[in-house]
Amino acid sequence: LAVAFVLAAASGVAHADEPKDFIDDAKVFYRVVSCGNTAPVPADLDQATVDKHCAAMQKLYDTWHKTYAEPASKFFATLRPAGLPTTVVYPFGGGDLGSALVTYPDARDITTISLEHAGDPTRLAHLKKSQLRESLANYRAAIDGLLTLHDSTTENMLKLESGGIPGQLSFHITGMTAMGYEPVSLKFFRLEDDGSIHYYTQAEIDALKAKKAKKIKSKWVDTDFSEAFNNMELTFRKAGDPKAPLIVHRHIAWNLANKAFKDSPLEKYLLAKGKVCAMTKAASYL
């Protein structure tokens, strides 16, 4: 048994109590939704539909870099003091990992917080042609505001709280891609009462499959995916450079109103980080 255990560990076989890593699904989003490379798309997806989508995305990326990323990067470079913490907290930062990377290019730990849930990463690879075409069109309509106007509306965020291309997961992977990064790991988690992170195993995700994530503010919307996919941890690095430093981004679905935040697991999680850099751009509530 001891020999078998050692061999299994050496071969990289996942064990039941290990966090489930959705890196294969993240790579599908990277290729199909954010157009991070030109590898063949998964067999079940229509290549022509993806090619058309990626041509449109490239135009959006070009606009984003010209009108926002490049001038904003130069602007913030004149304002950032030396020796800043590499930990960043971005409240009301739903879907906007790109702006965090522009503002703090040396960040290694980024937390975004919003009312929106991360989303189920497993559906995209199995969308039929018509579903894929509609889902990608809806996604482009939603991401257009962020990439051309540098901000996302509440309405756009709410529209992608269901379906095959969930908003937070896809927006964050798009922000990562726009800044020249590639995914290394994608995990989902919950915050324990003491603020520590508990990563979900496959067994736990299976057990939560029928329990849908509910809205966390009365005027928001419920999702159509499991509550296991509320909070995500995306690890990434510069594309094509396996020696590049890893950046860990966590998106947490939470209501930041005083009543929901005071003494909450989220407050404890943030306090444990110590000194951080912070930022925010806009919010339609609070």
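As the structure is a computational prediction, the values presented were derived from the model and not from experiment. (Residues numbered from 1 in each chain as written. Predicted model: local features only at pLDDT ≥ 70, side-chain atom pairs only at ≥ 80, totals over all residues. Heavy atoms only, no water.)

Time to look at helix H3 (residues 47-77). At His65, H3 shows its maximal kink, close to 45 degrees. Thr49, Val50, His53, Cys54, Met57, Leu60, Tyr61, Trp64, Tyr68, Ala69 and Ala72 are the residues of H3 that are buried. Where H3 is buried, its residues meet helix H2 (23-32), helix H4 (97-103), helix H5 (129-148) and helix H7 (167-178). (Bend = angle between axes of the 7 residues up to and from the residue. Helix = DSSP H or I, 4+ residues; strand = E, 2+ residues; numbered from the N terminus. Buried < 20%, exposed > 50% of the residue type's maximum accessible area, 1.4 Å probe, protein only. Contact = heavy atoms within 4.5 Å.)

This part is about the sheet that holds strand S5 (residues 231-238). Read from one edge of the open sheet, seven strands run S4-S3-S5-S6-S2-S1-S7, paired in mixed fashion. Each edge of the open sheet is held by one strand with a lone partner, namely strand S4 (197-199) and strand S7 (277-278). Pairing of strand S2 (residues 109-114) with strand S6 (residues 247-253), which is carried by six bridges, proceeds in the parallel orientation. Paired with Thr111 across the bridge in S6 is Arg250. Sheet strands touched by H7: S2, strand S3 (181-191), S5 and S6. Its angle to S5, the strand with the most contacts, is close to 15 degrees. (Pairing = 2+ DSSP bridges. Axes fitted to C-alpha atoms, helices over the stretch in contact; angles between N-to-C directions.)

Moving on to empty space enclosed by the protein. According to the stated counting rule, one finds one cavity of 30 Å³ or more in the structure shown. Along its surface, the largest cavity is lined by Trp64, Gly95, Asp96, Gly98, Ser99, Ile143, Leu146, Leu147, Phe171, Thr174, Gly175 and Ala178. Elements that contribute at least two residues to the lining of the largest cavity include exactly H4, H5 and H7. Broken down by element, the residue count for the lining of the largest cavity peaks at four residues, all from H7. The residue inventory of the lining of the largest cavity, partitioned by class, reads six nonpolar, five polar and one charged. (1 Å grid on protein atoms, 1.4 Å probe; cavity = no way out; pocket = protein on both sides within 12 Å on 5 of 7 lines; lining within 4 Å. Points joined across faces, edges and corners; volume = space filled by probe spheres on them. Nonpolar A, V, L, I, M, F, W, Y, C, P; charged D, E, K, R; others polar.)

Attention now goes to H7. Taking 1.5 Å as the rise per residue, H7 with 12 residues should run 16 Å; its terminal C-alpha atoms sit 16 Å apart, in good agreement. Within H7, 12 of the 12 residues are buried, which leaves it mostly tucked inside the rest of the structure. Where H7 is concerned, the buried positions are Gly167, Gln168, Leu169, Ser170, Phe171, His172, Ile173, Thr174, Gly175, Met176, Thr177 and Ala178. Gly180 lies just past H7 and shows a positive phi near 85 degrees. (Expected span 1.5 Å × (residues − 1).)

Glycine aside, residues mostly have negative phi angles, and peptide bonds mostly take the trans form. Even without glycine at this site, Cys35 takes up a positive phi of about 60 degrees. The topology assignment puts Cys35 in the loop between H2 and H3. The backbone of Phe92 sits at a positive phi, close to 60 degrees, despite the residue not being glycine. Take Phe92: it is sitting in the loop between strand S1 (87-91) and H4. The exposure class of Phe92 is partly exposed, given its relative accessible area of 23%.

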